[in-house]
Amino acid sequence: MAKTKGIVTGIVSNLVTVQVDGPVAENELCYISLDGTPLMAEVIKVSGKNASVQVFESTRGLKNGDTVEFEGKMLEITLGPGLLKGVYDGLQNDLTSMKGVFLKRGEYTDPLDREKLWDFKPIAKPGDKVIAADWLGEVMEGWLPHKIMVPFSFKGEYTVKSIVAEGQYNVDKQIAVLTNSDGEDVPVTMTQKWPVKVAVKAYKEKPRPDKIMETGVRVIDSFNPIAEGGTGFIPGPFGCGKTVLQHAIAKQGEADVIVMAACGERANEVVEIFTEFPELIDPHTGRHLMERTTIICNTSNMPVAAREASVYTAMTICEYYRAMGLRCLLLADSTSRWAQALREMSNRMEELPGADAFPVDLSAIISNFYARAGMVILNNGQRGAVTFIGTVSPAGGNLKEPVTESTKKAARCFYALEQNRADQKRYPAVNPIDSYSKYLEYPEIAEYLNKTVEDGWVDKITTAKNIIRRGRDASEQINILGDDGVPMSYHVTFWKSELIDFCFLQQDGFDPIDSLCPIERQKYMLLLILDICDKDFDFEDYEKCRDYFKNMINLIKQMNYSEFQSESFVSYQNQLQKLLEENGK
Amino acid sequence: MANKAYQRVYTQLEAITKATVSLKAKGVSNDELAVVHGKLAQVVRTKGDMVTLQVFSGTEGIPTNAEVQFLGAPPTLKVSDQLAGRFFDAYGHPIDGGPEVEGEERQIGGPSVNPYKRRQPSELIPTGIAGIDLNNTLVSGQKIPFFADPDQPYNQVMADVALRADVDKIILGGMGLSNDDYLFFRHSFESAGALEKIISFVNTTEEPPVERLLIPDMALTAAEYFAADKNEKVLVLLTDMTLYADALSIVSNRMDQIPSKDSMPGSLYSDLAKIYEKAVQLPTGGSITIIAVTTLNDGDITHAIPDNTGYITEGQLYLRADPDSGKVIIDPFRSLSRLKQLVQNKKTREDHSQVMNTGVRLYADAQNAKTKLENGFDLSDYDHRCLAYAKEYATRLLSIDVNIKIDEMLDTAWELFGKYFTKAETGIKEALAQKYWKEQ
């Protein structure tokens, strides 16, 4: 079928109007020819013979009358072995293979190495009945078994006609022939394509998450845990440590595959990942972190429309690995920039705006995206998961703005970063009271925690949160009435909450030991601290109370800095015990 | 700007606003320049035959039968070593009476650096100002603004920083500079004898606001020439970015775009990021560092301009008048250099980060003591010592008129710790205290 063609009839920044001579589809891809250089664009609105397209590149020099060719397909990415360790832009161009220091317009690079040979092992055999996402074979990508699957786009049941023997092949090698119900033969290679804006649904079912994903960050794992296959978001004003917290989760998250989408953020932050990750070791497997990481990088100065595409590209890669029975973690920094990209386009199309000039369907778009995460049961009964954590950069640090509010409706965990805590250098600056995890309300998660961590664990967390709350009230009273104007019990209540804050909630993200706290150790420390909070204390004056608790805080912090149960850890704990014998009852 | 063999002249304007004109024209390319009634303009929208042009110097006096001529190319700058030591207007024309610059003609606002090709910034930029070097160390390849109220001496501080920084070129992009400030910069550069490494692009308040939109791209195109082609260390000064953003809002308003927060265009974040992200450490050794000024409205950082800036830049430096010491200081609480840990204790002495943290923490204790005093509570002995320390700390270290080496800043801090506190009160790491503590 002949491709639909068109000519440019209007240009405002990266929004271009094209008069078309045939059928076009919403979100269809097209190329605009700028003196022979093809510029990729996507249809976002059609009205009569006119299609509005957003161009993924700068439109400088484009003219009315320039020709356009429509591709008959949506923006899609290539899926296959070799995506891990990759560094791509929002359209999945390989940034590492581009020549020159500056990005060139219209330079599109192949995301996969077509030459590399992979050790292929067949899983299916001729005669097997298969459907989309069923495993045909596997290759080892680093230490991960990478399944070669029946492409997600295949509809209905197929019969495996032939499959190649074990051996070394490149990704373009035809590894199997499948026969569909009409008797037609379809060849399959190690790669497939998938349109990024469509969710991959080739799995049996998507049950509720039933276990947590450890991050090694105490204020998350213990206070407001995120489920494997769950969703969460981190809003916070600039300078509150959003990126540091996300990097910590990326380094330590208990997942097989991590995809980081640097969406409209600072380029130097991505450079930090390039520089540090290859040196760092994954604490769960002992392998290099980079081996399980894919970076999608569309920094703030790169074209806005590709920024919007970047989060979808990242999600599609996660869904692909999920279908192999792997646990994936998607981190997007920041989803506000994605929303702003939507706003810029909606603005140029002169749509009636919603709140703060964002498009009216912002909330629906965000919900749809978050809904693509989740734990799934594959066709063969195995589990796979995509856990998604996005950051939000609220304008002016005010959480009552459209992106934060829309995300709050979609995400199940909320980690509010607080300016006040950041100013006091209480990192991670997650507000322990306002933040929440809906997963704690799931009976299956509560049961999981009570079984795997400690009997009654969920109640213990509630107790700790209540101590923080009471401490906050006491602190307000002390501020109003003065140190001498309140009974001693107020000071003790306040300092108990400070004890939890300093020794448990705060965590040194730059310390090699403290930054990663496994749940076993979190349990040990929280029980120890709650035990202290359970005691009654008596002091002559508030300064003695302060000094006593400061001593305790210092000792427990030293424990946090020591190897768990090491000699120095035990020695600090003994000192703490001695201190407690002096006063606590 | 290349002249086409055949240039059609249009003489019929269909619409005129304060910043834009529209006319029917064919074969016009996006971002292309045109001359409207002798004034420079740029294509910002085409729709069918209708072309909308943004007229940089305003549309006053343009009649509907004005002559319009399209130039076939976006704004360009001729780059070569001849740029050094010169002063230009927003269009890149000399304003210092010297000859036009010869060189390669480059389009301004060019492509971005491939993030994968960047290097991690790692070189310290010393400024002599302790509020910066000690507490908020700058690194080459960084982008950082001064957040200051209009009454603060931000331009002076910036000129000081520029002249003391160890860089190969300093490029000033002045947007809406008062004529006095322009002459101030010119005078300081001349009297420092550093003219040959300085290039200035200046738009003063006497000139039309929309012209300002060209300034950052002009300055950064020159910067990219020296950093990428010549592998030089380039420092770009942009003042005042608030006036730049105001010019953006004027244009988008005239084009009937729907404003977002604080009547700024919805694309403000991307527009500012395109400028600031030009800061880079290149693999070949060249670098572009950007120090900007964002003036605040009565210290309000939640306004869209400083807010978006804060999300883009690698920190911010706050100027504040300190009533206790009577000095203008770099506020140690609200200022932040996000890249400082890349050089502290690595390119500076081993005690740097500890001294910095301790100094600021004790200064915070002094603020608490002050609050106590204001609320009428009794002060302890420790509170009194904190207050005395704070005054001396502000005068000898935070004040913007300090100009000393980093080691001297560290020694001064140790001296103050020893003068007012015990080792235990500072909580400084024992090993460092043993080496540097100054008992008094």
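If you're wondering where the values come from, they're calculated on a predicted model, not measured in any experiment.

What counts, and where the lines are drawn
- Residues numbered from 1 in each chain as written.
- Chains lettered and ligands numbered in written order.
- Predicted model: local features only at pLDDT ≥ 70, side-chain atom pairs only at ≥ 80, totals over all residues.
- Helix = DSSP H or I, 4+ residues; strand = E, 2+ residues; numbered from the N terminus.
- Rg over C-alpha atoms; globule rule 2.2 N^0.38 Å.
- Buried ≥ 20, exposed ≤ 12 C-beta atoms within 10 Å, placed from the backbone.
- Contact = placed C-beta atoms within 7 Å.
- Core = buried A, V, L, I, M, F, W, Y, C linked by C-beta atoms within 7 Å.
- Nonpolar A, V, L, I, M, F, W, Y, C, P; charged D, E, K, R; others polar.
- Expected span 1.5 Å × (residues − 1).
- Domains from an automatic or database assignment.
- Pairing = 2+ DSSP bridges.
- pLDDT = per-residue confidence, 0-100.
- Axes fitted to C-alpha atoms, helices over the stretch in contact; angles between N-to-C directions.
- Right-handed = clockwise from strand over helix to strand, strands pointing away.

Enquirer: Looking at this model, I keep getting lost on the overall build of chain A. Mind explaining?
Expert: When helices and strands are counted, chain A shows 14 helices and 25 strands. Taking 25 Å as the expected radius of gyration for a compact globule of 585 residues, we find that chain A reaches 27 Å, a close match to that expectation. Out of the 585 residues in chain A, the part that is buried amounts to 52%. Expressed as a percentage of contacts within chain A between residues at least 6 apart in sequence, the contacts between residues at least 24 apart total 68%.

Enquirer: Any chance you could explain the nonpolar core here in plain terms?
Expert: Buried together is how nonpolar side chains tend to be arranged in soluble globular proteins. Among the nonpolar cores identified, the biggest contains 181 residues, and Val259, Ala261, Cys328 and Leu330 of chain A are the most heavily contacted of them. Ranked by the residues each element gives to this core, the list is headed by helix H4 (residues 304-322) of chain A, at 12 residues. Ignoring sequence-local partners within four residues, the contact set of leucine 330 of chain A consists of Val259, Ala261, Ala314, Met315, Cys318, Val386 and Phe388 of chain A. Met158, Ile170, Leu172 and Leu237 of chain B belong to the second-largest nonpolar core, a separate cluster that totals 137 residues.

Enquirer: How do you make sense of the interface of chain B and chain A when you look at a structure like this?
Expert: Interface size is commonly expressed as the accessible surface area that is lost when the partners come together. Each side of the interface is counted separately: chain B has 45 residues, and chain A has 49 residues. Within the residue set of the side of chain B that touches chain A, elements represented by two or more residues are strand E5 (39-47), helix H6 (268-276) and helix H7 (304-312) of chain B. In terms of residue count, H7 of chain B provides more of the side of chain B that touches chain A than any other element does, five residues in total. For the side of chain B that touches chain A, the residue count by class is 20 nonpolar, 15 polar and 10 charged.

Enquirer: Before we go on, may I ask you to explain helix H10 (residues 457-481) of chain A in this structure?
Expert: Residues and elements named next belong to chain A. Taking 1.5 Å of rise per residue, 25 residues should cover 36 Å, and H10 covers 36 Å from first to last C-alpha, within 8% of that figure. Trp457, Ile461, Ala464, Ile467, Gly471 and Ala474 are the residues of H10 that are buried. In the core, the buried residues of H10 are packed alongside helix H1 (218-223), helix H9 (443-452), helix H11 (488-505) and helix H12 (519-534). Two residues or fewer after H10 comes glycine 482, characterised by a positive phi angle close to 90 degrees.

Enquirer: I would appreciate a short explanation of the domain arrangement of chain B in the present structure.
Expert: Residues and elements named next belong to chain B. Parsing chain B into structural domains produces domain 1 (4-70), domain 2 (76-342) and domain 3 (352-436). Spacing between the C-alpha centres of domain 2 and domain 3 amounts to 32 Å. Residue-level contacts link 17 residues of domain 2 with 17 residues of domain 3. Secondary structure elements with two or more residues in the side of domain 2 that touches domain 3: helix H1 (130-133) and strand E20 (327-330). Take the side of domain 2 that touches domain 3: its biggest share by element is four residues, from E20.

Enquirer: Sorry, what's going on with the pairing of strand E13 (residues 143-148) of chain B here?
Expert: Where a strand is regular, its side chains alternate between the two sheet faces. All names here are of chain B. Most of E13 is tucked away: six of the six residues are buried. The alternating pattern of E13 places Lys143, Pro145 and Phe147 on one face and Ile144, Phe146 and Ala148 on the opposite face, and all of these are buried. When E13 meets strand E18 (residues 287-295), the two strands line up parallel, connected through six bridges. From the neighbouring strand, isoleucine 144 faces E18, where its bridge partner is isoleucine 291.

Enquirer: I would appreciate a short explanation of the confidence of the model for chain B in the present structure.
Expert: Predicted coordinates in areas of low pLDDT are best not read in detail. Residues and elements named next belong to chain B. Of the residues in chain B, 98% reach a pLDDT of 70 or more, and the chain-wide mean stands at 92. Across residues 1-5 the pLDDT falls below 50, and counting only partners more than four positions away or on other chains, this stretch makes seven contacts in the model. Model confidence for the complex is summarised by a pTM of 0.93, with the ipTM given as 0.88.

Enquirer: Can you help me understand the sheet that holds strand E12 (residues 144-149) of chain A in this one?
Expert: Either a parallel or an antiparallel arrangement is found when strands of a sheet pair, and the pairing is made through backbone hydrogen bonds. Residues and elements named next belong to chain A. Taken in spatial order, the four strands line up as E12-E11-E9-E14 in an open sheet, and their pairing is antiparallel. Either end of the sheet is taken by a strand with one partner, and the two such strands are E12 and strand E14 (167-169). Taking each pair of neighbouring strands and ignoring which way they run, the sheet shows an average axis angle of 40 degrees. Of the strand pairs in this sheet, strand E9 (residues 118-122) and strand E11 (residues 135-141) are connected by two bridges, and their pairing is antiparallel. Across the sheet, residue lysine 121 finds its bridge partner in E11, namely glutamate 138.

Enquirer: Would you mind going over the pairing of strand E15 (residues 198-204) of chain B with me for this structure?
Expert: Residues and elements named next belong to chain B. Counting buried residues along E15, seven of its seven residues qualify, which places the element largely inside the surrounding structure. Direction of pairing for strand E9 (residues 87-88) relative to E15: parallel, over a ladder of two bridges. The residue of E15 that forms the bridge with phenylalanine 87 is serine 200. As judged from the seven bridges shared by strand E14 (residues 169-177) and E15, these two strands associate in the parallel manner. Note on E15: the bridge partner recorded for glycine 174 is valine 202. With respect to chirality, the unit in which E14 leads through helix H3 (residues 179-191) into the neighbouring parallel E15 is right-handed.

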